[in-house]
Amino acid sequence: MRTPLIAGNWKMYKTAAEATAFVRAFLPMVAGVADVEIVLAPAFTSLGTVAMLTAGSRIAVAAQNVHFETEGAFTGEVSARMLREAGVTHAIVGHSERRQYFAETDASVNLKVKAALAGGLTPILCLGETLAEREADQTFTVVERQLRGGLAGIPATDAGLLVIAYEPVWAIGTGRTATPEQAQEVHALLRALLGAFWHDDAAAASVRILYGGSVNPGNVKSLMSQPDIDGGLVGGASLKPDSFAEIVKFR
Ligand code: PEP
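Residues numbered from 1 in each chain as written. Predicted model: local features only at pLDDT ≥ 70, side-chain atom pairs only at ≥ 80, totals over all residues. Heavy atoms only, no water.

1. Re the packing of helix H5 (residues 106-118) against helix H7 (residues 139-150)
Relative orientation of the contacting elements H5 and H7 amounts to 45°, with a least axis distance of 8 Å. Put simply, H5 runs oblique to H7. Residue-level contacts link Asp106, Val109, Asn110 and Val113 of H5 to Arg145, Gln146, Gly149 and Gly150 of H7. Broken down by class, the residue content of the contact of H5 with H7 amounts to two nonpolar, four polar and two charged. (Axes fitted to C-alpha atoms, helices over the stretch in contact; angles between N-to-C directions. Helix = DSSP H or I, 4+ residues; strand = E, 2+ residues; numbered from the N terminus. Parallel < 35°, antiparallel > 145°, perpendicular 65-115°, else oblique. Contact = heavy atoms within 4.5 Å. Nonpolar A, V, L, I, M, F, W, Y, C, P; charged D, E, K, R; others polar.)

So this is what it looks like as structure tokens:
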């Protein structure tokens, strides 16, 4: 059984004071949730604050990025070790906004997945096709390339330590959600690809594959009813405590 995981990606929203107000309101709303893992991914400046405020709760904290070296002359970057010390347990890697605006490639994403794992963080590896790629019938080819590229050199024994997020780019921040059937089709493909990649169907079955792209309180239940959708990566609807709590409590 894969425990559902719902992660909120705050992108470049919320100061530390705003993050504090969110967590104070959100904690009592999800106090009774026992069967879902909850992850919050604030900006770097709020990570320590959110980690302190959520310590001892079911809420884990993710960075939105991680550098692939442990330390060095990399101005503006943050390593897995630094994140761990701040109380972070997960790292979003290869989000489409980072691929689009910060020139991340499957090769750099792969280095980051490896750095996260080596540093004791759970990588949440994001992948997904653009609208042009979907319309050109390239979805399967694109996600296969991103999956194989992002996981190159990662053994099946690490399957339980990582999370995949399928995020069709055309559904992110657009209000246009993939239908549950469209998402399930790609999730099932990704799981089959993982089985082939590792020659190990049991390892593939243990990986949580999240869906991301305009998830909201109204569509989360139907998405989560699909057999290979194990959670959500939520952007806009994670910014308000009540809407994110509703998503977390999709059952
Ligand atoms: C995201 O940021 O990963 C995302 C899916 O955003 P939204 O939920 O706003 O589409």
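2. Some details on the packing of aromatic side chains
The tally for this structure, following the rule as stated, stands at five aromatic pairs. Ring geometry for Phe197 against Trp198: centres 5.9 Å apart, planes inclined by 55°, an arrangement best described as tilted. Taken together, Trp10, Phe22, Phe26 and Phe244 form an aromatic cluster joined through their ring pairs. The residue whose ring lies beneath Lys14 is Trp10, and the NZ or CZ to ring-centre distance is 5.3 Å. (Phe/Tyr/Trp six-rings, centres within 6.5 Å; stacked < 30°, edge-to-face > 60°. Lys NZ or Arg CZ within 6 Å of the ring centre and 35° of its normal.)

3. Re the site of the ligand
In the vicinity of the ligand there are 14 residues, among which Lys11, Glu167, Gly173, Ser214 and Gly235 approach most closely. For the ligand, an oxygen atom lies 2.6 Å from a polar atom in the backbone of Gly173. Ser214 is positioned such that a nitrogen or oxygen atom in its backbone is 2.8 Å from an oxygen atom of the ligand. Considering the ligand on its own, with 290 Å² of exposed area, one finds that the protein chains cover 95% of that surface. (Near = heavy atom within 4 Å. Polar contact = N/O pair within 3.5 Å; in protein donor to acceptor, adjacent residues only side chain to side chain. Areas by Shrake-Rupley, 256 points an atom, 1.4 Å probe, with all protein chains shown as cover.)

4. Remarks on the nonpolar core
The tendency in soluble globular proteins is for nonpolar side chains to be buried side by side. By size, the foremost hydrophobic cluster in this structure holds 66 residues, and its most contacted members are Phe26, Leu151, Ile164, Leu190, Tyr211, Phe244 and Val248. When residues in this core are grouped by element, the largest group, seven residues, is from helix H8 (residues 180-198). When sequence neighbours within four positions are dropped, the list of residues in contact with Leu151 reads Asn110, Val113, Leu125, Leu162, Ile164, Leu194, Phe197 and Trp198. In this structure, Ala60, Ile92, Ala165 and Leu233 belong to the second largest nonpolar core, which totals 13 residues. (Core = buried A, V, L, I, M, F, W, Y, C linked by side-chain atoms within 4.5 Å. Buried < 20%, exposed > 50% of the residue type's maximum accessible area, 1.4 Å probe, protein only.)

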